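This is what each chain is made of:
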Amino acid sequence: MMFRRMNRIGGRLALPLLAALLALAGRPAFADMGFAVVPTQTIYPGEVISAARVEEVEVTNPNLTGDYARSTGEVVGMVSKRTLLPGRIVLVSALRAPYAVTRGSAVRLTFAIGQLAISAGGSPLEDGAVGDVIRVRNTDSGITVSGTVMADGTIQVMAK
């Protein structure tokens, strides 16, 4: 069996190649993993999250998976559904949008079809965020209807 000697890397290329390899070896494995949002203090269920109560930290665990918040913009203004502990990542599933209407409050019901627009007073039978479909009782007739919560706090009633 014959062995053939491979050409060695030239002296001019050896030093830059060695420097590049050392730079890559000294770089932490988590450098490109991004950021995660963690509370700075305990946040209890039902509390609105403010920017002063959370911070962004660099992710150091390569095994961290799941749908966790990566920026404070994702969590500020949201409401916690469960207790969030300081230093622990904030899961998106632990947050909900704030309610636009609350159960028992007075709201305006609206219904529009073509040129016809009807408006009446109502009382929600459940809490609802913008875009949620909830049941509402018409305060004049007592009839329960379903409608979509709008951003201005009104309920857009659905046609049957």
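Provided above is the structure to which this section pertains.
Residues numbered from 1 in each chain as written. Predicted model: local features only at pLDDT ≥ 70, side-chain atom pairs only at ≥ 80, totals over all residues. Heavy atoms only, no water.

> Kindly report on the side chain of asparagine 138, identifying the contributing residues and their values.
One can find asparagine 138 in strand S7 (residues 133-138). Look past the residues within four positions of asparagine 138 in its chain and what remains in contact with it is Leu109, Ala120, Gly121, Gly122 and Ile143. (Helix = DSSP H or I, 4+ residues; strand = E, 2+ residues; numbered from the N terminus. Contact = heavy atoms within 4.5 Å.)

> Account for the environment of valine 107, naming residues and giving values.
By the secondary structure assignment, valine 107 is in strand S5 (residues 107-113). Spatially, the C-alpha atom of valine 107 lies 9.9 Å from that of arginine 137, the residues being 30 residues apart in sequence. Ignoring sequence-local partners within four residues, the contact set of valine 107 consists of Val101, Ala120, Gly121, Gly122, Ser123, Pro124, Val136, Gly153 and Ile155.

> Report on the sheet that holds strand S9 (residues 155-157), specifying residues and quantitative values.
In spatial order, the strands read S5-S6-S7-S8-S9; together these five strands close into a barrel with mixed pairing. Here the average twist between neighbouring strands, direction ignored, is 50°. Inspection of the sheet shows strand S6 (residues 116-124) paired to S7 by three bridges, in the antiparallel sense. Paired with proline 124 across the bridge in S7 is valine 136. (Pairing = 2+ DSSP bridges. Axes fitted to C-alpha atoms, helices over the stretch in contact; angles between N-to-C directions.)

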